[in-house]
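# Chains, contacts and geometry: an overview
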Amino acid sequence: MEKILIVGGGYAGFYTAWGLEKKLRRGEAEVTLVDPHGYMTYQPFLPEVTAGSIEARHVMVSLRRHLHRTTIIAGQTTKIDHANRTATVRTNDGALREVGYDTIVVTAGAVTRTFPVPGIEQEAIGLKHVEEAVAIRDALLTAFDRAALLPPGTERRRLLTVTVVGGGFTGVEVFGELLSLATALLKSYPELGRDDLAFHLVDSNKRILPEVTDEPGRWVVRHLQERGGRIHLGTQVVSAAEGRIMLSTGESYGNGLLIWAAGNGSNPVVARNTDLPVDERGLVRVRADLRVGTDEAPVPDAWAAGDNAAVPDLASPVPGARTVPNAQHAVRQGKLLAANLVADLRGKKVRPYLHHSLGTVATLGIGHGIFQYKKLVIKGFPAWIMHRGYHVLAVPTWERKVRVLLVWASAVLFGRDIIPLSTVQKPRAAFLAGGDPFADVEAEADAIAHEAAAAGRPELSVVRDAG
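Residues numbered from 1 in each chain as written. Predicted model: local features only at pLDDT ≥ 70, side-chain atom pairs only at ≥ 80, totals over all residues. Heavy atoms only, no water.

## Digging into the sheet that holds strand β15 (residues 244-247)
Counted only if it meets this: Any two strands between which DSSP finds at least two bridges are classified as paired. Numbered from the N terminus, helices here are DSSP runs of H or I no shorter than four residues, and strands are runs of E no shorter than two. To define axes, lines are fitted to C-alpha atoms, for helices over the stretch in contact only, and angles between the resulting N-to-C directions are given on a 0 to 180 degree scale.
Spatial strand order, β14-β15-β16: three strands in an open sheet with antiparallel pairing. In this open sheet, the two strands that pair with only one neighbour each are β14 (237-239) and β16 (252-254). Strand-to-strand twist of the sheet, defined as the mean angle between neighbouring strand axes without regard to direction, takes the value 35°. Alignment of β15 against β16, held across three bridges, turns out to be antiparallel. Note on β16: the bridge partner recorded for Met246 is Ser252.

## Overview of helix α11 (residues 381-394)
Selection rule: Multiplying one less than the number of residues by 1.5 Å gives the expected span of a helix. By the convention used here, residues are in contact when the closest approach between their heavy atoms is within 4.5 Å.
The first and last C-alpha atoms of α11 sit 20 Å apart over 14 residues, in line with the 20 Å expected at 1.5 Å per residue. Along its buried surface, α11 packs onto α2 (46-50), α7 (169-185), β23 (360-363), β24 (369-373), β25 (376-379) and α12 (398-414).

## What about the sheet that holds strand β5 (residues 70-81)?
Strand pairing in a sheet takes place through backbone hydrogen bonds and is either antiparallel or parallel in direction. Across the sheet, eight strands lie side by side as β7-β6-β5-β2-β1-β8-β21-β20; this open sheet has mixed pairing. Both edges of this open sheet fall to β7 (96-100) and β20 (291-293), since each of them pairs with a single strand only. Here the average twist between neighbouring strands, direction ignored, is 45°. With four bridges connecting them, strand β1 (residues 2-7) and strand β8 (residues 103-106) associate as parallel partners. Considered in β8, the bridge of Val7 is made with Val106. The sheet contacts of helix α1 (residues 11-23) involve β1, β2 (29-35), β5 and β8, and relative to β1 the element is tilted by about 155°.

## So, the environment of Ala262
Secondary-structure assignment places Ala262 in the loop between β17 (257-260) and β18 (264-265). Once the C-alpha coordinates of Ala262 and Asp436 are considered, the two residues, 174 residues apart in sequence, prove to be 43 Å apart. In contact with Ala262, other than residues within four places in its own chain, are Arg113, Phe115, Val165 and Gly166.

## A closer look at the packing of helix α5 (residues 130-147) against α7
What describes two packed helices is the angle between their axes and the distance between those same axes. Which entries qualify depends on this criterion: The scheme is simple: roughly parallel for angles under 35 degrees, roughly antiparallel for over 145, roughly perpendicular for 65 to 115, oblique for anything else. With the far helix as reference, a near helix turned anticlockwise by less than a right angle produces a left-handed crossing, and one turned clockwise produces a right-handed crossing. Three residue categories are used. Nonpolar comprises Ala, Val, Leu, Ile, Met, Phe, Trp, Tyr, Cys and Pro, charged comprises Asp, Glu, Lys and Arg, and polar comprises the others, including Gly.
Running from N to C, α5 and α7 cross one another at 30°; their axes reach a closest spacing of 11 Å. If you check the angle between α5 and α7, you find them roughly parallel. In this structure, α5 crosses over α7, and the sense of that crossing is right-handed. Facing Ile136, Leu140, Leu141 and Phe144 of α5, the residues of α7 in contact are Leu178, Leu181, Ala182 and Leu185. Taken together, the residues that form the contact of α5 with α7 break down as eight nonpolar, no polar and no charged.

## What to know about the pairing of strand β6 (residues 86-91)
Where β5 and β6 come together, six bridges link them in antiparallel fashion. Looking at β6, one finds that Ile80 is bridged to Ala87. Where β5 folds back on β6, the antiparallel hairpin that results is connected by four residues, among which Arg85 adopts a positive phi of roughly 55°. In this sheet, β7 lies alongside β6 in antiparallel orientation, the contact comprising five bridges. Bridging from a neighbouring strand, Thr88 pairs with Glu98 of β7. Taken together, β6 and the strand that follows it, β7, pair antiparallel across an intervening segment of four residues, in which Gly94 is found at a positive phi of about 95°.

## Quick look at the confidence of the model for the chain
Our working rule: For every residue, the pLDDT score states the predictor's confidence, bounded by 0 at the bottom and 100 at the top.
With 93% of its residues at a pLDDT of 70 or more, the chain has an overall mean of 90. The model gives residues 447-467 a pLDDT under 50, and that stretch makes 16 contacts with residues more than four places away or in other chains.

## Observations concerning a positive patch on the surface
Going by this rule: Patches draw on residues past 30% relative accessible area with no salt bridge. Two like charges within 9 Å are joined, as are two nonpolar side chains (Val, Leu, Ile, Met, Phe, Trp, Tyr) within 5 Å. Note on areas: these come from Shrake-Rupley sampling with a 1.4 Å probe, and a residue is covered only by the protein chains present in the view. Take a side-chain nitrogen of Lys or Arg and a carboxyl oxygen of Asp or Glu: if they are within 4 Å of each other, that pair is a salt bridge. The positive count covers Lys and Arg only, the negative count covers Asp and Glu only, and His and the chain ends enter neither. In this description, the location of a charge corresponds to atom NZ of lysine, CZ of arginine, CG of aspartate or CD of glutamate.
A grouping of Lys22, Lys23, Lys335 and Arg351 is seen on the molecular surface, where their side chains present a positively charged patch. Tracing the backbone shows Lys22 in helix α1.

## So, the packing of aromatic side chains
Using the following cut-off: Between rings of Phe, Tyr and Trp, where Trp is taken as its six-membered ring, a pair exists when centres lie within 6.5 Å; planes separated by under 30 degrees are stacked, by over 60 edge-to-face, and by other angles tilted. Any residue under 20% of the maximum accessible area for its type is buried, any over 50% is exposed, and the rest in between are partly exposed; the area is computed with a 1.4 Å probe on protein chains only. Only lysine NZ and arginine CZ atoms are considered, and such an atom sits over a ring when it is within 6 Å of the ring centre and within 35 degrees of the ring normal.
Taken as a whole, this structure holds ten aromatic pairs when the rule is applied. Consider the rings of Phe45 and Trp408, whose centres lie 5.9 Å apart with planes at 85°: the pair is edge-to-face. With a gap of 363 residues between them, Phe45 in the loop between β3 (39-41) and α2 and Trp408 in helix α12 connect regions that are remote in the sequence. The exposure classification of Phe45 matches that of Trp408, with both residues buried. Put simply, the rings of Tyr11, Tyr42, Phe45 and Trp408 touch in pairs and so form one group of aromatic residues. When the ring centre of Trp18 is taken as reference, the NZ or CZ atom of Lys22 above it lies at 4.1 Å. Over the ring of Trp398 we find Lys401, and its NZ or CZ is 5.7 Å from the ring centre.

What follows is the structure, given as structure tokens:
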């Protein structure tokens, strides 16, 4: 029986496995999928998770619940040795195991692109995973609680200062959503005023949203500025150390929350730990039919799709163009990849990937959006409705569609839930404190020390101040 190994359970990986289950005959192939999370995250909804418009679990699609005939390995692929048809996997319990295969599908996705800027490792939060979205939401809500206890001044404004780095769709959407949330929160915090909020969007390019044309991009900038946002174009963050942002323009300000959405970086497994051919960006070279290699030198039994693959864009008039890394392409590539794998297995002809864009749509916060399809541009509330309509149709499985719709419907009646859940990150602190209001810090330190010792990492334990 043919053994097919899928590396990564994101859009492309999930849809490939899902498609194979629908198309393969029983006994025709054995499919294994390796992913550390056990679920697919619908990333276009993450900005709305940060703003509390969508429940975090509803943007995740369980692999085990929907892939009934696929073997799921909870772990991270660390190396692909295609010459010997083996992949090395570090399972979530820390063990290393070799997984053999006949055919491999590389859909490991991309990682957040970072730069060697002082303070980034200590201060910034990315936005590729639902855990990051929840942490961003909790950080902003907690900042409001803390700021409400302070008198007007520098420290209160610092707590309520948010900086988003990256002017692509992720950066602009999370900026708009958080600005919308923060403005709405002022109604629940009479101690605070609009002047206490400071929102900064920073991008090294001269424009934002490269997927739309110039005029809609300029409209988005004006729109966000009218709502109180500060847009820094052609600007870089040169330091984020010690809670202070320094920009390449010389401007400097105290910052409470830093979100890093400066684009995609190549997945280390693909870029450095495989013998499959990769390009100068660290992406797997693939042909138009998603087979690894080139037309002149295809690699047998290897396929790739999604953000970790350099897929030729046959719909582009630009020679040598590659598809942009977004959900619209990854989903469709996964579906085609499943069909091509089955066709190749049965000795039939495979098809090239060709997809004409359905347009681009972005949320800018509740009631605000932008949509463009060729020369058609729609702004404001209608575009926001289109954004929600498109993505609720695109999120996989009816179960998730219904859950998301129910949350939106309840928000119309009762508004967003503004309760932070940051304490779930320290579940043992309250137990160890025993209700003593003066024992919180010590209990937290004990909890961290206990977890560090249990993990065999005593160096992670907290050293308490003797005072």
